[in-house]
Amino acid sequence: MTKKIAVVLENLFEDSEFTSPVEAFKQEGHEVTVIGKEAGSTVKGKKDNTEVKIDKAISEVKPEEFDALLIPGGFSPDLLRGDEQGRFGTFAKSFVEKEKPVFAICHGPQLLIDTDLLKGKKMTSFLSIRKDLENAGATVVDEPVVVDSGIVTSRTPDDLEDFNRESLALLK
């Protein structure tokens, strides 16, 4: 069954952490919508300068329209947290509250801190944000992939094979 997956994205995302999961989702027949600050604008990756067009503005979408959420890493999650209205954190919070699948890799879990719902959740991430996740109440481990309460987390692009496998498993 086809699932609708929201991807929240801003400039300086980690290229492969967007392209690899999105390609895996599309190969399985899932629909992907890229959400950013302004529909029709283009954001660029930090390493390979991958250009991605924003399909919908955050102001145009509701979490109920989607079955799952992907948060690629890089600097994008931190920039999304800088949204003055906190719209991206609120959007992510709805997925966590309803236990809809959330896929966050590398720095991606940074955005989940804004949900205030990480207490007791087992997670992994890039080294530099692990303390932030712990301070938000998560139990942080150093493993290639962790699945807890519908949230899939991984550390780096090196973990993409495991991340994609577990993400696709939650979509079945």
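Every value quoted in this text rests on a predicted model; they were computed, and no experiment measured them.

(A) Structural view of the nonpolar core. Among the nonpolar cores identified, the biggest contains 26 residues, and Val 8, Ile 35, Leu 69, Phe 91 and Leu 112 are the most heavily contacted of them. Those elements that provide at least two residues to this core are strand 1 (4-8), strand 6 (68-71), helix 3 (87-97), strand 7 (102-105) and helix 4 (109-113). The biggest single contributor to this core is helix 3, with five residues. Apart from residues no more than four positions distant in its own chain, Leu 112 is found in contact with Ile 71, Ala 92, Val 96, Val 102, Ala 104, Leu 118, Met 123 and Ile 151.

(B) Region of the structure containing unusual backbone geometry. Not every positive phi belongs to a glycine, and Leu 12 is a case in point at roughly 70°. Its place among the elements puts Leu 12 in the loop between strand 1 and helix 1 (15-27). Judged by its relative accessible area of 38%, Leu 12 is partly exposed. We note that Asp 116 has phi near 60°; this positive angle belongs to a residue other than glycine. As for its position among the elements, Asp 116 is in the loop between helix 4 and strand 8 (122-123).

Reading the values: rules and limits
- Residues numbered from 1 in each chain as written.
- Predicted model: local features only at pLDDT ≥ 70, side-chain atom pairs only at ≥ 80, totals over all residues.
- Heavy atoms only, no water.
- Core = buried A, V, L, I, M, F, W, Y, C linked by side-chain atoms within 4.5 Å.
- Buried < 20%, exposed > 50% of the residue type's maximum accessible area, 1.4 Å probe, protein only.
- Helix = DSSP H or I, 4+ residues; strand = E, 2+ residues; numbered from the N terminus.
- Contact = heavy atoms within 4.5 Å.

Note that all results are geometric; they support no functional claim without further evidence.
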